[in-house]
Amino acid sequence: MAKITVPASDSIVRVRAVDTTLKLLCNTYPFLKPVIAGHEQINFSVVAFLVENKALGKTALFDVGGRKDYWNYSPSWIARLRRSVVGIRCDKTIDEVLIENGVDTKDIDAVIWSHWHFDHIGDCSKFPPSTRIVVGPGFKDSFLPGFPTNPEAFVMESDYQGHEMQEISFSDDFKIGPFRAYDFFGDNSFYILDVPGHAVGHICGLARTTPTTFMLFGGDACHFGGAIRPSEHVPLPESLDAQAAGLDDRFSSPCPCSIFGACHPAPTEEEKRKTPYYTASDHPGSAYVDAKLANMSMKGLGEFDADPDMFLCLAHDSALMEVLPLLNDKPDIDVNNWKDAGYKDMTRWRFLNELPKNNGERGRPPLVTGFWRYGERKETFDG
Ligand SMILES: [Zn+2]
């Protein structure tokens, strides 16, 4: 497998992972294909990343999670959430998490929205006017003006009013792997990648965590580790050390990986070990605006996933919550040492916990059921 080529540089950013506290339970069919029996609903946690360029004195946030007052999203979002979200809980907005843990929102120069969806744009009215909002190509044409000037709009004016908005434009002259790239701070420490397919203007982040290692913030370019893995370059081994791989207690160690084979749609044992479980959904009501393009993007992400110096972090991968030190309870700990710490190895196969076993036993239970407000069950969005 060819390594991903990135311009050489000693400029790095300090990266800290943030649990946005947003948890979702969704139907699987808008996201993944084919839906595996026993995995008809999918758990989503939402991770964000705080990116500090200490040399330049600049700080950016990649994604900001959701609103805790989710009943105050735009009417278009409320209607869509009622249709597609089974359970939602959000205890804090990200500005609260940051402030509680010693990060002043005044120090956030930029909030980068991987894309325009409700679980990534948070409530940016909580950030000072000096924080600019960074979006991908086509965002302004597609989503502005927001609600209520456009009553049908999903994004709200309050999400961006008073902030400068920067729409990234990419050039075909600079690519990293298969993706067009933009040097965000201008010093090769942090790149924005053009990774289309899920949503108009979908972007990813590529942070240089040491001169030769990188974290790829995947946003929703893919919604589940099992749509990237296993792959030809990252095959499922014959067996896994259950503890080292982070498999749940119900798995014995060593865990024979054949027990994850029955639910894999591929016809042969060889293909089951070298093909992802899922592709992007093209079902009516798919969450992917262009499933074919999304599958090409996922293949591209697979190239990064296969490179030992690259750590792919999908926004909704709950494994990251289990393994990474989080700003929420370890505010001073960054994740720049991910390679030496083994975080990639510890997260790689945890998605298997979500899938049914050979004996038909279901995977993980729902993270949330129903609608919650400040920890109390709420049946509807109203009131
Ligand atoms: Zn999302």
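Residues numbered from 1 in each chain as written. Predicted model: local features only at pLDDT ≥ 70, side-chain atom pairs only at ≥ 80, totals over all residues. Heavy atoms only, no water.

## Side note on the pattern of salt bridges
We apply this condition: The term salt bridge refers to a pairing of a side-chain nitrogen on Lys or Arg with a carboxyl oxygen on Asp or Glu at a separation within 4 Å. Strands here mean DSSP runs of E at least two residues long; helices mean DSSP runs of H or I at least four residues long; both are numbered from the N terminus. Classification of residues uses two cut-offs on accessible area relative to the type maximum, computed with a 1.4 Å probe and protein chains only: under 20% is buried, over 50% is exposed, and between them is partly exposed.
The tally for this structure, following the rule as stated, stands at 25 salt bridges. Salt-bridge contacts for K3 lead to D309; the nearest nitrogen and oxygen are separated by 2.7 Å. Placement of K3 in the segment before β1 (14-27) and of D309 in the loop between α8 (291-305) and β17 (310-314) is noted, with a sequence separation of 306 residues between them. Owing to a relative accessible area of 48%, K3 belongs among the partly exposed residues under this scheme.

## Points about the coordination of the zinc ion
Here is the rule: Metal donors were taken as nitrogen, oxygen and sulfur atoms no farther than 2.8 Å from the ion, or 3.2 Å where the ion is Na, K or Ca. Water is excluded, so coordination may look unfinished. Donor angles set the geometry label: tetrahedral for four donors if every angle is between 85 and 135 degrees, square planar for four and octahedral for six if opposite donors exceed 155 degrees and the others are between 65 and 115, irregular for anything else.
Protein ligation of the zinc ion involves D119 (OD), H120 (NE2), D220 (OD) and H316 (NE2), the donor distances falling in the range 1.9 to 2.1 Å. Taken together, the four donor atoms surrounding the zinc ion define angles of 88 to 166° at the centre, an arrangement classified as irregular. Donor residues for the zinc ion, ordered by position in the chain, follow D-H-x99-D-x95-H. Of the two residues, D119 is situated in helix α3 (residues 118-121) and D220 in the loop between β13 (213-219) and β14 (239-240); the sequence distance between them amounts to 101 residues. Overall, D119 belongs to the buried group, its relative accessible area being 5%.

## Some words on the UniProt feature "domain: Metallo-beta-lactamase" (unreviewed entry) in the protein
Stated formally: UniProt positions are given in the numbering used here, feature names are shortened, and annotations may be inferred rather than shown by experiment.
The UniProt record annotates "domain: Metallo-beta-lactamase" (unreviewed entry) at residues 45-264. Within residues 45-264, the helical portion is 15% and the strand portion 28%, while the C-alpha atoms at the span's ends are 24 Å from each other.

## A word on the sheet that holds β13
Spelled out, the test is: Pairing between strands is defined by DSSP: at least two bridges between the two strands are required.
An order of β9-β10-β11-β12-β13-β17 is seen for the six strands of this open sheet, with the pairing classed as mixed. At either margin of the open sheet sits one strand with a lone partner, and together these are β9 (175-176) and β17. Summarising the sheet, β9 and strand β10 (residues 179-183) pair through two bridges and their orientation is antiparallel. Across the sheet, the residue bridging to K175 is R180, located in β10.

## Quick word on the packing of aromatic side chains
For clarity, the cut-off: Only Phe, Tyr and Trp rings are paired, with Trp represented by its six-membered ring, and only when their centres lie within 6.5 Å; those with planes under 30 degrees apart are stacked, over 60 edge-to-face, the remainder tilted.
Tallied over the entire structure, the rule returns 24 aromatic pairs. The interplanar angle of 75° and the centroid separation of 5.5 Å between the aromatic rings of F224 and F351 together place this pair among those described as edge-to-face. Note that F224 is positioned in the loop between β13 and β14 and F351 in the loop between α11 (343-347) and β18 (370-373), a separation of 127 residues in sequence. Across this residue pair, the class does not change: F224 and F351 are buried. With a centroid separation of 5.3 Å and 50° between ring planes, the pair formed by F251 and F260 is classed as tilted. Accessibility classification places F251 together with F260 in one group, the buried group. Grouped by ring-pair contacts, the aromatic residues Y73, W77, W113, W116, F118, F139, F143 and F154 constitute a single cluster.

## Concerning the layout of surface pockets
This is how it is decided: Grid points spaced at 1 Å over the protein atoms alone were grouped into cavities, where a 1.4 Å probe fits but cannot get out, and pockets, open sets with protein on both sides within 12 Å along at least five of seven lines, with lining residues defined by an atom within 4 Å of a point. Grid points are joined across faces, edges and corners, and a volume is the space filled by probe spheres set on the points. Residue polarity is assigned by list, with Asp, Glu, Lys and Arg as charged and Ala, Val, Leu, Ile, Met, Phe, Trp, Tyr, Cys and Pro as nonpolar; anything else, Gly included, falls into the polar class.
Quantified by volume, the largest pocket comes out at close to 510 Å³. The wall of the largest pocket is formed by 28 residues, among which R80, S84, G285, S286 and A287 lie closest to the centre. Among the elements that take part in the lining of the largest pocket, helix α1 (residues 75-84) stands out by supplying five residues, more than any other. Here the residues of the lining of the largest pocket are counted per class, giving 16 nonpolar, eight polar and four charged. Of the voids in this model, the second largest pocket is the one considered here, and its volume is about 430 Å³. Lining the second largest pocket are 25 residues, and of these A227, I228, S231, P276 and K299 sit closest to its centre. Take the lining of the second largest pocket: its biggest share by element is six residues, from α8. Taken together, the residues that form the lining of the second largest pocket break down as 13 nonpolar, seven polar and five charged.

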